[in-house]
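# Results of the structural survey
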Amino acid sequence: MTKLLKLTMAAVLLLGVASTTASADARKGQKIFIKKFKSKCGFNGAKFAAKHSQGEWSSINEAGNFKQEMMVICPDVKESDIKDSWVPHLYDFSYEYANDSGNVPSC
């Protein structure tokens, strides 16, 4: 019985941490977009994220083409401007605020 309780508590803790991390990534992506790309793109993050649906952003990211798509949407952005470590956060931001998400960022 004790092992089952420990396993259950560990699973609850893991789920709590995972959900907190997922929401933090979108916020971090929003901050990165505002600081590094808003002026180069010429529009805010809401317009950037709304360029695609959640399914489209997911397909782009799974194919490993997020950087390339970002450069298509924002021609003044160069590949060297986008750090690899930022891509997951920018993707989470884009997915969270895609045109079919119903969410609107504050940037």
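Provided above is the structure to which this section pertains.
Scope of this entry: the structure provided in the associated data block. (Residues numbered from 1 in each chain as written. Predicted model: local features only at pLDDT ≥ 70, side-chain atom pairs only at ≥ 80, totals over all residues. Heavy atoms only, no water.)

## Focus: the overall build of the protein
As a reminder, the rule being used: In this text, helices come from DSSP runs of H or I with a minimum length of four residues, and strands from runs of E with a minimum of two, each type numbered from the N-terminal end. When accessible area is computed with a 1.4 Å probe and restricted to protein chains, residues below 20% of their type maximum are described as buried, those above 50% as exposed, and intermediate ones as partly exposed.
Each helix and strand counted, the protein has five helices and zero strands in total. Helices and strands appear in the protein in the N-to-C order α-α-α-α-α. Relative to its full complement of 107 residues, the protein shows a buried share of 35%.

## Notes on the nonpolar core
Rule in force here: For this analysis, a nonpolar core means a set of buried residues of the types Ala, Val, Leu, Ile, Met, Phe, Trp, Tyr and Cys, connected via side-chain atoms within 4.5 Å. Here, two residues are considered to be in contact whenever any of their heavy atoms come within 4.5 Å of each other.
If you look at the biggest cluster of nonpolar residues, it comprises 22 residues, and the most contacted ones within it are Phe-33, Phe-37, Phe-48, Trp-57, Phe-66, Met-70 and Leu-90. Mapped by element, the contributors of at least two residues to this core are α1 (2–41), α2 (45–49), α3 (54–62), α4 (66–73) and α5 (87–96). Look past the residues within four positions of Phe-66 in its chain and what remains in contact with it is Phe-48, Trp-57, Ile-60, Asn-61, Val-87, Leu-90, Tyr-91 and Ser-94.

## Structural notes on the packing of α3 against α5
In plain terms, the rule: Each axis is a line fitted through C-alpha atoms, taken for helices only over the stretch in contact, and angles between the N-to-C directions span 0 to 180 degrees. Here the angle decides the label: under 35 degrees means roughly parallel, over 145 means roughly antiparallel, 65 to 115 means roughly perpendicular, and every other value means oblique. Crossing handedness is read from the near helix: turned anticlockwise from the far helix by less than a right angle, it gives a left-handed crossing, and turned clockwise, a right-handed one. Charged means Asp, Glu, Lys or Arg here, nonpolar means Ala, Val, Leu, Ile, Met, Phe, Trp, Tyr, Cys or Pro, and polar covers whatever is left, Gly included.
It is at 8 Å that the axes of α3 and α5 come closest, and there the two elements cross at 160°. One element, α3, and the other, α5, form an angle in the roughly antiparallel class. Note that α3 runs across α5; the crossing there is left-handed. Together, Gln-54, Trp-57, Ser-58 and Asn-61 of α3 and Val-87, Tyr-91, Ser-94, Tyr-95 and Glu-96 of α5 make up the contact between the two elements. Of the residues contributing to the contact of α3 with α5, the split by class is four nonpolar, four polar and one charged.

## Some words on α3
Note the cut-off: Directions drawn from the helix axis to the C-beta atoms are what define this arc.
Taken together, the buried positions of α3 are Trp-57, Ser-58 and Ile-60. Burial along α3 is one-sided: seen end-on, the buried residues are contained in an arc of 165°. Buried residues along α3 sit in contact with α2, α4 and α5. A positive backbone phi angle near 75° is found at Gly-64, which sits one or two residues after α3.

## Focus on the packing of α3 against α4
One way to put it is that α3 packs onto α4 with a least axis distance of 7 Å and a crossing angle of 125°. One finds that α3 runs oblique with respect to α4. Residues Trp-57, Ile-60 and Asn-61 of α3 touch α4, and the partners they reach there are Phe-66, Glu-69 and Ile-73. Along the lines of polarity and charge, the residues of the contact of α3 with α4 split into four nonpolar, one polar and one charged.

## Describing the environment of Glu-69
Residue placement: Glu-69 occurs in helix α4. On a C-alpha basis, the gap between Glu-69 and Trp-57 in space is 9.4 Å, while along the polypeptide they are twelve residues apart. Leaving out residues up to four positions away in the same chain, Glu-69 has contacts with His-52, Trp-57 and Ile-60.

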